[in-house]
Amino acid sequence: MESRIEYVEKHLGSLEDFVRKNSKYYLESWRSEKIKFNFAAFLFETLWFAYRKMYKSAVVLLLMNLLINLATFLFLIKTKFFMGGTILVLFIRIYIGFKANDFYFMKAEKILEKRGFEPKDRDCGTSMLGVVIIIFIAIVFQVLLDFYLGVTLYY
């Protein structure tokens, strides 16, 4: 089985076509043995996944963040560990910062092999529409959560 570096060298053109925006950064990261921290994924985790068209991961992270916020508000805020949710989210973001480029490579590899190294436009590049949709979903969930918590706390 070939290494990731060999794979990138062998399929450089297809990977560059797949990534499109900022391909130089990702190709350098994938060619290196060193782990590269992705600050964009760290700072904007869910939005970064949506922007890079990894929608399932974006939705999972969004739901995870909402559940952590809910648990923090309902349970942890009443204890000495009220910062527990914030610390957990920070650890998740750090993990994602270190692993984001690997996740993106795995997605690229899967799609390229599935499409015979000729990916379709819908598979490639980035999506601002995905980011807008995730923001909309987050706002809807947060409004519903705030409404639920407001009703729950009032009664």
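What this report covers is the structure whose coordinates are included nearby. (Residues numbered from 1 in each chain as written. Predicted model: local features only at pLDDT ≥ 70, side-chain atom pairs only at ≥ 80, totals over all residues. Heavy atoms only, no water.)

This model, assessed by the stated rule, comprises 6 salt bridges. Here Arg 20 and Asp 121 are joined by a salt bridge, their closest N and O atoms 2.6 Å apart. You can see Arg 20 sitting in the loop between α2 (12-19) and α3 (23-31) and its partner Asp 121 sitting in the loop between α7 (84-114) and α8 (128-154), a full 101 residues away along the chain. Between Arg 93 and Glu 45 there is a salt bridge, and its shortest N-O distance comes to 3.8 Å. Separated by 48 residues along the polypeptide, Arg 93 in helix α7 and Glu 45 in helix α5 (residues 45-51) bring together distant segments of the chain. By sharing partners, the salt bridges in this structure join Arg 4, Lys 99 and Asp 102 into a single network. (Salt bridge = Lys/Arg side-chain N within 4 Å of Asp/Glu carboxyl O. Helix = DSSP H or I, 4+ residues; strand = E, 2+ residues; numbered from the N terminus.)

On to a nonpolar patch on the surface. Together, Ile 35, Met 83, Ile 87, Leu 90, Phe 91, Ile 94 and Phe 98 make up a nonpolar patch on the protein surface, roughly 680 Å² of accessible area in all. Relative to the helices and strands, Leu 90 resides in helix α7. (Patch = residues over 30% accessible without salt bridge, like charges linked within 9 Å, V, L, I, M, F, W, Y side chains within 5 Å. Areas by Shrake-Rupley, 256 points an atom, 1.4 Å probe, with all protein chains shown as cover.)

What follows is about α2. Every buried residue belonging to α2 is among Ser 14, Leu 15, Phe 18 and Val 19, and all of these are buried. Along the axis of α2, the buried positions cluster into a sector of 125°, meaning they face one direction only. The secondary structure elements touched by the buried residues of α2 are α1 (4-10), α3 and α7. Where α2 terminates, the next one or two residues include Arg 20, which has phi positive at roughly 60°. (Buried < 20%, exposed > 50% of the residue type's maximum accessible area, 1.4 Å probe, protein only. Arc of directions from axis to C-beta. Contact = heavy atoms within 4.5 Å.)

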